[in-house]
Amino acid sequence: MSAPRHPGDSGGSTEPEPRSPRPTGMPKQRITTLTTATAVTTVALLTLTACGTESGKGSGSGSGAGSGGEVRTETALTDVRWNVDSVTVGGRKTAAPAGASVEIDSQGRASANTGCNSIGADVTVEGDTVTVGEKETTLIGCPKELETFEKALAGAFSGKLKATVQDKRLTLTTAGGDAIALTSEPPAPLVGTEWTVDALAQGATATSLPKGTDGKAHFTFRKDGKDGKDLSMEGSLGCNSFSATARLSESASGAPATLTIGRVSSTRKLCPGPEMTLERQVQKVLEGKVSYELRHRGLTLKAADGQGLSATAPATGK
């Protein structure tokens, strides 16, 4: 396996203690993970002051020199999925691909998805300054257009960044004037969302989809009973359409939530080899009881034998 490297490095580097980034979806097979040398101390203040102020009266108004009775508006930065709209580097603006996002958790850990690879880093937030520590990245080979965007995002998401928030929009700006424009996105519900399969898994090892099958397999859950736990499920296995019943069980005492999927009924078209391979693998997951994890706009299903898949919801505004 090749030695880990940071994006843009031209040579080798020392090998620090391994640490995996927190990806948006499942980690893909054949991924090399970079590592950080040290962890950055997390700062407790993990909110940003919005770029505007509000006039106010009463005890909530500020006091002291220059306050003029202004109320500083606090906007949560952490535990929010921020969709990347564009990255501007050297005056050149590059539109973001679907799925590009940045998220900072309450422990000060940032994860970014470039539309192909995942980036992880420790960050601190002090006032309106976001400081990004050493980055880690997966190293999947990406199409040229995604590679260009990825390089721009990785370069701009570095060091000290000035953050401004207005309504649901966040801008991170470097000292040199490069900028990342982002928009907050609400989490997708399990029911009513069209989930598109983007990776398969066996145990802890995830794999890319067979070549040429991206976007082919998808499914949607719909309510099929008064209690909200009986569901119907329909979609495409990769080529053939399918339907099934499902029963939702909530998690208890930290155990994963589960779905019990009934017998899958599908059409019987003859399909190209890669699509049939995808169908067989997806159908193996959609049998009986599966655990599921819903995180923002990503869904992971895993069967008892370790067969699994990850799926994503369509990004809003894309």
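Placed above this text is the structure.
Residues numbered from 1 in each chain as written. Predicted model: local features only at pLDDT ≥ 70, side-chain atom pairs only at ≥ 80, totals over all residues. Heavy atoms only, no water.

Draft legend 1. Region of interest: helix H1 (residues 144-156). Its 13 residues give H1 an end-to-end C-alpha distance of 19 Å, which sits within 8% of 18 Å, the value for a rise of 1.5 Å per residue. All of the buried residues along H1 are Leu 146, Phe 149, Glu 150, Ala 152, Leu 153, Ala 154 and Ala 156. (Helix = DSSP H or I, 4+ residues; strand = E, 2+ residues; numbered from the N terminus. Expected span 1.5 Å × (residues − 1). Buried < 20%, exposed > 50% of the residue type's maximum accessible area, 1.4 Å probe, protein only.)

Draft legend 2. Spatial organisation of the state of the cysteines. With the rule as written, the count across this model stands at two disulfides. Paired by a disulfide, Cys 116 and Cys 142 hold their sulfur atoms 2.0 Å apart. The sign of the S-S torsion, about -90°, decides the handedness of the disulfide formed by Cys 116 and Cys 142: left-handed. Within this pair, whereas Cys 116 is found in the loop between strand S6 (109-113) and strand S7 (118-126), its partner Cys 142 is found in the loop between strand S8 (129-137) and H1, the two being separated by 26 residues in sequence. Taken individually, Cys 116 and Cys 142 each receive the classification buried, so the pair is uniform in this respect. A sulfur-sulfur distance of 2.0 Å marks the disulfide that ties Cys 239 to Cys 271. Across the S-S bond of Cys 239 and Cys 271 the torsion is about -85°, and the bridge reads as left-handed. Note that Cys 239 is positioned in the loop between strand S15 (230-237) and strand S16 (241-249) and Cys 271 in the loop between strand S18 (265-266) and helix H2 (273-285), a separation of 32 residues in sequence. Exposure class is identical for Cys 239 and Cys 271. Each is buried. When the cysteines of the protein that form disulfides are numbered from the N-terminus onward, they connect as 1-2, 3-4. (Disulfide = S-S within 2.5 Å.)

Draft legend 3. Highlighting the side chain of Thr 258. Looking at the element boundaries, Thr 258 is found in strand S17 (residues 257-261). You can call Thr 258 buried: its relative accessible area is 15%. Residue contacts for Thr 258: discarding those within four places in its chain leaves Arg 247, Leu 248, Ser 249, Lys 289, Val 290, Ser 291 and Tyr 292. (Contact = heavy atoms within 4.5 Å.)

Draft legend 4. Summary view of the pairing of strand S21 (residues 307-312). Burial within S21 is extensive, with five of its six residues counted as buried. Note that strand S12 (residues 194-202) and S21 share six bridges and pair antiparallel. In the sheet register, Gln 202 faces S21, and the bridge partner there is Gln 307. Here strand S20 (residues 298-303) folds back onto S21, and the loop between the two strands holds three residues, one of which, Gly 306, carries a positive phi near 95°. (Pairing = 2+ DSSP bridges.)

Draft legend 5. Structural detail: the packing of aromatic side chains. Summed over the entire model, instances satisfying the criterion amount to one aromatic pair. Ring centres 5.7 Å apart and planes at 75° place the aromatic pair Phe 219 and Phe 221 in the edge-to-face group. We classify Phe 219 as buried; its relative accessible area is 1%. Overall, Phe 221 belongs to the buried group, its relative accessible area being 0%. (Phe/Tyr/Trp six-rings, centres within 6.5 Å; stacked < 30°, edge-to-face > 60°.)

Draft legend 6. Molecular detail of the pairing of S8. Pairing of S7 with S8 involves seven bridges; the strand directions are antiparallel. Looking across to S8, one finds that Thr 124 is bridged to Thr 131. Connecting S7 to the next strand, S8, in antiparallel fashion are two residues, including Gly 127 with a positive phi near 60°. Taken together, the four bridges between S8 and strand S9 (residues 159-166) define a ladder with antiparallel strand orientation. In the sheet register, Thr 131 faces S9, and the bridge partner there is Lys 160.

Draft legend 7. Expanded view of the pattern of salt bridges. Counted according to the given criterion, the structure contains 11 salt bridges. Between Asp 227 and Arg 247 there is a salt bridge; the shortest N-O distance is 3.0 Å. Note that Asp 227 is positioned in the loop between strand S14 (217-223) and S15 and Arg 247 in strand S16, a separation of 20 residues in sequence. What you see here is one network of salt bridges that share partners, running through Arg 81, Glu 185 and Arg 297. (Salt bridge = Lys/Arg side-chain N within 4 Å of Asp/Glu carboxyl O.)

Draft legend 8. Up close: the nonpolar core. Counting residues in each nonpolar core, the largest one holds 32 residues, and the members touching the most others are Trp 195, Phe 219, Phe 221, Leu 286, Leu 301 and Leu 309. Setting aside anything within four residues of it in sequence, one finds Phe 219 in contact with Thr 193, Glu 194, Trp 195, Val 197, Met 233, Glu 234, Gly 235, Phe 242, Leu 299, Leu 301, Leu 309 and Ala 311. Formed by 30 residues, the second largest nonpolar core is a distinct cluster that contains Val 87, Val 123, Leu 161 and Leu 172. (Core = buried A, V, L, I, M, F, W, Y, C linked by side-chain atoms within 4.5 Å.)

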